[in-house]
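# An overview of the molecular structure
In case you want the letters, here they are:
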Amino acid sequence: MQTLRMETLMKLVLTGKKYYDTVITIHSNKLGETNDCVDISRRMGGARNFPKLTQKYEIEFLEVGSKEAYVLENVVASQRTSYTKDIDNFPISENYIKKMNRADWVHVCYIDDIEDPKQILNLEAPYSVDFCKTHNRLKYLEILKKAKIIFDSRERKDLYQETIVDTPIILHDPDGCEIIVSGQKIYEDRCKRINNLNVNGAGDLFAKHFLDLFLFKKNVKKATSYALKQTTHFLKNRNKQ
């Protein structure tokens, strides 16, 4: 009788708020005027973008509140603007910290959107963080020093001028990405900007693809390049559907 070999999956914990997105797709937006919608859809956002493509991990969601988001998706300009409102909000509990510490990796979705983010400093498991707002990053300095990876939009690069950490800061935008360590750019990868894309969730997808490779290969530069290529490929294919 043949014995089936059970593969041990890596345990990935995703923490942050649960997002309920209402995505309003438009081709133009004239302020003060009446604009037509191409489409209106409702879906889960934030960390819930991760498991759509991931096959290698056992994923556990430890959510700390929920949020309603209205996302204005301008496909022609490949831009998104969001308006959010808390539904409920509570800090990371001691029980959550215990569960996270049993994980191989913890990803904190939108560290600047959770109550009492300093609870993350109680983590013993390795963790990464990303951001969604333009708050001063010095507020999160101790969290960023302890983190293994930091993700953010390159449009917010100026927010890191005074936040000098040894942790790799991976910045991305439609033109490519770069890695900042100790205030210095150590790597850059470029891509051709593509218009007419639905880019909602691109930051979550980038982090997902990065971790998909990095957690197994432990190479920051290769994982960054891989995330850029895979995210661009996914967004182009989604636009064809």
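Residues numbered from 1 in each chain as written. Predicted model: local features only at pLDDT ≥ 70, side-chain atom pairs only at ≥ 80, totals over all residues. Heavy atoms only, no water.

Turning to the pattern of salt bridges, a few remarks are in order. Taken as a whole and judged by the stated rule, the model has 19 salt bridges. A salt bridge links Asp86 to Lys17, with the shortest nitrogen-to-oxygen separation between them at 2.6 Å. In this pair, Asp86 is assigned in strand S4 (residues 79–89) and Lys17 in strand S1 (residues 10–26), connecting sequence segments 69 residues apart. Note that Arg154 and Glu188 form a salt bridge whose closest N and O atoms lie 3.6 Å from each other. One end of the pair, Arg154, is in the loop between strand S7 (149–153) and strand S8 (169–173); the other, Glu188, is in strand S10 (residues 184–190), with 34 residues separating them in the sequence. Residues joined in a network through salt bridges with shared partners are Arg154, Lys157, Asp173, Glu178, Lys185, Glu188 and Arg190. (Salt bridge = Lys/Arg side-chain N within 4 Å of Asp/Glu carboxyl O. Helix = DSSP H or I, 4+ residues; strand = E, 2+ residues; numbered from the N terminus.)

With 95% of its residues at a pLDDT of at least 70, the protein reaches an overall mean of 90. The element-level mean pLDDT for the protein is lowest in helix H4 (residues 220–240), coming to 88, with strand S6 (residues 127–130) highest at 98. Per-residue pLDDT stays below 50 along residues 1–6; that stretch engages in zero contacts with residues further than four places along the chain or on separate chains. (pLDDT = per-residue confidence, 0-100. Contact = heavy atoms within 4.5 Å.)

In this structure, Asp116 is a non-glycine residue whose phi angle is positive, near 50°. Assignment of secondary structure puts Asp116 in the loop between strand S5 (105–108) and S6. The phi angle at Ser182 is positive, at roughly 55°, despite the residue not being glycine. Within the secondary structure, Ser182 is located in the loop between strand S9 (176–181) and S10.

The next subject is the side chain of Asp130. Mapped onto the fold, Asp130 is located in strand S6. The charged side chain of Asp130 is buried without a salt bridge, its nearest counter-charge being Arg156 at 8.0 Å. At 2.5 Å, the side chain of Asp130 forms a polar contact with the backbone nitrogen of Tyr110. The residues touching Asp130, leaving out its near neighbours within four places in the chain, are His107, Val108, Cys109, Tyr110, Ile111, Asp112, Phe151 and Asp204. (Buried < 20%, exposed > 50% of the residue type's maximum accessible area, 1.4 Å probe, protein only. Lys, Arg positive; Asp, Glu negative; His and termini not counted. Polar contact = N/O pair within 3.5 Å; in protein donor to acceptor, adjacent residues only side chain to side chain.)

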